[in-house]
Amino acid sequence: MDQTVLANEQVVDGKGWRSGATVERREIPQWFLRITDYADELLEALDELPGWPEQVRAMQRNWIGRSEGVELRFDIQGRDEALNVYTTRPDTLFGVSYMGLAPEHPLTRELARSNPEIAAFVEECNKAGVAEATVATMEKKGLDTGLRAIHPLTGEEIPVWVANFVLMSYGSGAIMAVPAHDQRDWEFATKYALPILPVIAPADGSDVDVSNEAFTEKGVLINSGDFTGMTSEQAFEAIADWLQKQGLGERQTNYRLRDWGVSRQRYWGAPIPIINCPACGQVPVPDDQLPVELPEDVQFDGAGSPLKQMPEWYRTTCPDCGGEAERETDTFDTFMESAWYFARFACADNDGAMLDDRARYWLPVDQYIGGIEHAILHLLYARFYQKVMRDEGLTAAGEPFANLLTQGMVLKDGAKMSKSKGNTVDPQELVDRFGADTVRLFTMFAAPPEQSLEWSDSGVEGAYRFLKRLWHLVRTHVEQGAAPALDAVALNGDQREVRRKVHETIRKATDDIGRRYTFNTGVASVMELLNALYKAADDDSDAGRAVLQEGLEAAVLILAPIVPHVCHRLWRELGHDQPVVDAAWPRWDDTALVQDTHSLVVQVNGKLRGNVELPADAERDAIEAAALEEPNVQRFLADKTVRKVIVVPGKLVNVVAN
RNA sequence: GCGAGUGUGGCGGAAUUGGUAGACGCGGCGGCUUUAGGUGCCGUUGGGGCAACCCGUGCAGGUUCAAGUCCUGCCACUCGCACCA
């Protein structure tokens, strides 16, 4: 049998994914970081992260899962100790028809020692996965323990069951089940023919029907003794008060967030810097012996962590008493290092401390970019770590990343490319063939960064083609000699139109690249500009060449961050001594954007029927009149009466007629 | 199952504040250049129709003068679910 520790995802149908060996859950002592101490701060500080996508903040909020409820006690017949349960719905207390215990609950274990049936059920549960998705989708199963709890209000006897859907890691590991008003409890009760007692009716006065599913909304209490007639909200307070007064329970805030288990029984990870001493217990490795490094002469035999088989590495002496002791052989979760590496980047050469003042100066990171798959774990751990470092005086910032961009994945034929799944496209091959500029241009152009990107070899060729066109136009323009100075007021109509396109492109690209981070549309606008400049390149008048020079300079400046090598060269070609990296971002000229006339779309009943060209300063009456006179519009109005005309200035006219 | 997203031509995508759906690119088609192939250049390209027009943004409803965009209900796919990193 394999002696190893598997990840959840390596367990398939209760067997090891590679060897097929039967897998069982076993408890081992492990190291945890108490992230739950920071649950409230991690939650509340989300509201002060305007530079983060709302989507990620929502996922973190749900993950932390703060809830307000009541922890209450159910006495058990014939036993001294009571059963504690947590509920967010004390208003449903009169609807409790059974209790549920997690298979790992201490009471379940105790019973299993003397009851083989329960022991067998617990063992069966241990073979199933623990992943939340597995627990949530598996068939609900349970076993009556024979114990009877006493309802604190009615005094009635309630059966106590062990149930596979009750999680030891949330709340107290035991639940009061209210099948009428909780869907999981309902399914379980239906399966085992347990009573379903409705105690909440819809607020609109209609009858409650729990024959097909649980009624999980809040409403008005029924069948609830003195509390009948209260709303769920009133009953929450009244029942919580009553329980508190009787000493049977109290209000409690609960979190879904669990402590961060950082122990890994693997070689590849930073050693946990603890020395286990038989006399002194767990002793931290003193500062002057840090960092603890992994041994390099290591044998991998596939069975467990190699560190556990290397006494020459783990045998040491206790820093406190000097006696024989052993190093901790568990290593850290690799999320541990990724939670603060960016802080270390600021002072990577400091070999005397973890961080110094430079980290305090540089943090928080202005713009952090990572995949959406890190929305919860990595980004939550990094936030937690930052707060711990702040509280230790290592940094000043309470949050690690001021702005967050969650980029999509790169897909090839719909399959994801990633570290763990193997990169299916080797960018190096394309870099060798087309250059790094082309590959970057394609990557920026193919999709907005937060969306997934479909890799396309012909798309890369298209990016290459565009760069060649840009290069060619600059060359042919430059070969005709230096361009004359631009006199913006002396341009003819066509030249003014080209110049307007140049400045519209600068305005749009500035917004797309600088504010929206939609690099794809920014690149597209430069492509449009280049198409327009190609058409205008025939004009070899002084004014025409000056406009072309201005347009080419704009294109090169905008593309420089994405296509640096090509633009570095082209900028020099265009007659500049200073390199393009030192050049300022282009600015648009508002006067170049002014248009004398606007083309307005004319709709009849919302359908496009024509266009009218009107002076930009046309009055509403003139716009209406021109729209109504348009021949095709006339045709559609022939047998109708105009009821209303809607004018959207500079855009469209909609004639409502019937 | 729960949480968060996405869905638009043959394909990647655009439409930023409810106002011309399909920008830009790929692919296709036609032409020019070329002995030819390739490259390059020009034109064309959502579907149907000779045309006028009609239809069209996952599906079904709704709100509005006007809906890809807002609302309600569904469907499909993607990401996360704590030991993949």
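Here the structure is a predicted model, which is why all the values come from computation and not from measurement. (Residues numbered from 1 in each chain as written. Chains lettered and ligands numbered in written order. Predicted model: local features only at pLDDT ≥ 70, side-chain atom pairs only at ≥ 80, totals over all residues. Heavy atoms only, no water.)

Colleague: Give a description of the nonpolar core that names residues and reports values.
Modeller: Leu441, Phe466, Leu470, Leu533, Leu552, Leu559 and Val563 are the most contacted members of the largest nonpolar core, which totals 46 residues. Going through the elements one at a time, helix H13 (427-434), helix H14 (436-446), helix H15 (457-479), helix H16 (493-516), helix H17 (519-536), helix H18 (542-559) and helix H19 (564-573) are the ones with two or more residues in this core. Among the elements that line this core, the one with the most residues is H18, at nine residues. (Core = buried A, V, L, I, M, F, W, Y, C linked by side-chain atoms within 4.5 Å. Buried < 20%, exposed > 50% of the residue type's maximum accessible area, 1.4 Å probe, protein only. Helix = DSSP H or I, 4+ residues; strand = E, 2+ residues; numbered from the N terminus.)

Colleague: Can you break down the protein's contact with RNA strand B residue by residue, with the values?
Modeller: Lining the immediate environment of RNA strand B, one finds 67 residues, of which Ser458, Arg465, Lys508, Arg635 and Asn654 sit closest. Here RNA strand B approaches the protein such that, of its atoms within 4 Å, sugar and phosphate make up 61%. Between RNA strand B and the protein, one listed contact pairs a base oxygen with a side-chain N or O atom of Arg515 at 3.0 Å. Interatomic distance of 2.9 Å between a side-chain N/O atom of Glu528 and a sugar or linking oxygen of RNA strand B. For the surface near RNA strand B, the class distribution of residues is 24 nonpolar, 21 polar and 22 charged. (Near = heavy atom within 4 Å. Polar contact = N/O pair within 3.5 Å; in protein donor to acceptor, adjacent residues only side chain to side chain. Nonpolar A, V, L, I, M, F, W, Y, C, P; charged D, E, K, R; others polar.)

Colleague: Hey, could you go over the pattern of salt bridges for me, with residue numbers and the actual values?
Modeller: Counted under the stated rule, the structure contains 39 salt bridges. Across the pair Glu41 and Lys387 runs a salt bridge whose closest N-O atoms are separated by 3.6 Å. Placement of the pair is Glu41 in helix H1 (residues 39-44) and Lys387 in helix H12 (residues 377-391), with a sequence separation of 346 residues. The shortest N-O distance in the salt bridge between Arg475 and Glu573 comes to 2.5 Å. Note that Arg475 is positioned in helix H15 and Glu573 in helix H19, a separation of 98 residues in sequence. Salt bridges linked by common partners bring Glu41, Arg383, Lys387, Arg390, Asp391 and Glu399 together as one network. (Salt bridge = Lys/Arg side-chain N within 4 Å of Asp/Glu carboxyl O.)

Colleague: With reference to specific residues and values, describe the sheet that holds strand E15 (residues 274-277).
Modeller: Reading across the sheet, the four strands line up as E16-E15-E18-E17 and stay open at both edges, with antiparallel pairing between neighbours. One side of each edge strand has no neighbouring strand; the edge strands of this open sheet are strand E16 (281-284) and strand E17 (315-317). Mean inter-strand twist for the sheet, computed between neighbouring axes without regard to direction, equals 40°. Where E15 lies against strand E18 (residues 324-327), two bridges are found, and the strand directions are antiparallel. Within the sheet, the bridge partner assigned to Ile275 lies in E18 and is Arg327. (Pairing = 2+ DSSP bridges. Axes fitted to C-alpha atoms, helices over the stretch in contact; angles between N-to-C directions.)

Colleague: Account for the sheet that holds strand E26 (residues 607-615), with residues named and values stated.
Modeller: Here we have four strands laid out as an open sheet, ordered E26-E25-E28-E27, and mixed in their pairing. What marks the edges here is a single partner per strand, and that holds for E26 and strand E27 (642-648). Recorded for the sheet is a direction-independent mean angle of 20° between the axes of neighbouring strands. Relative to E26, strand E25 (residues 597-604) is paired through eight bridges, and the arrangement is antiparallel. Opposite Gln603, over in E26, you have Leu608 as the bridge partner. Helix H21 (residues 620-629) rests against E25, E26, E27 and strand E28 (652-657) of the sheet, and its axis sits at about 120° to E27. (Contact = heavy atoms within 4.5 Å.)

Colleague: Tell me about the packing of helix H3 (residues 106-114) against helix H4 (residues 116-127), and please be specific about residues and values.
Modeller: In the contact formed by H3 and H4, the axes pass within 6 Å of each other and the chain directions differ by 125°. When the axis of H3 is compared with that of H4, the two are oblique. Along this stretch, H3 crosses H4, giving a crossing that reads as left-handed. Judged by residue contacts, Thr108, Leu111, Ala112 and Ser114 of H3 engage Pro116, Ile118, Ala119 and Val122 from H4. The class makeup of the residues in the contact of H3 with H4 is six nonpolar, two polar and no charged. (Parallel < 35°, antiparallel > 145°, perpendicular 65-115°, else oblique. Left-handed = near helix turned anticlockwise from the far one by under 90°.)

Colleague: Give a detailed account of the pairing of E16, specifying residues and quantitative values.
Modeller: In the sheet, E15 pairs with E16 via four bridges, with the strands oriented antiparallel. Its bridge partner being in E16, Cys277 is matched across the sheet by Gly281. Two successive antiparallel strands, E15 and E16, enclose a turn made up of three residues.

Colleague: Describe in detail unusual backbone geometry, supporting the description with residues and values.
Modeller: Glycine aside, a negative phi is what most residues show, and trans is what most peptide bonds show. The peptide bond linking Leu290 to Pro291 adopts the cis configuration, its omega dihedral lying at -5°. As for its placement among the helices and strands, Pro291 is situated in the loop between E16 and helix H8 (311-314). In this structure, Pro364 follows Leu363 across a cis peptide bond, with omega equal to 0°. The backbone of Asn223 sits at a positive phi, close to 50°, despite the residue not being glycine. Positive phi, close to 50°, is recorded for Asn605, a residue that is not glycine. Counting through the fold element by element, Asn605 comes out in the loop between E25 and E26. When its relative accessible area of 37% is taken as the criterion, Asn605 is described as partly exposed.

Colleague: Report on the packing of H14 against H17, specifying residues and quantitative values.
Modeller: One way to put it is that H14 packs onto H17 with a least axis distance of 6 Å and a crossing angle of 110°. It follows from the interaxial angle that H14 and H17 lie roughly perpendicular. Contacts between H14 and H17 involve Leu441, Met444 and Phe445 from the first element and Phe519, Asn520, Val523, Ala524 and Met527 from the second. The residue inventory of the contact of H14 with H17, partitioned by class, reads seven nonpolar, one polar and no charged.

Any link to function would need more than the numbers given here.
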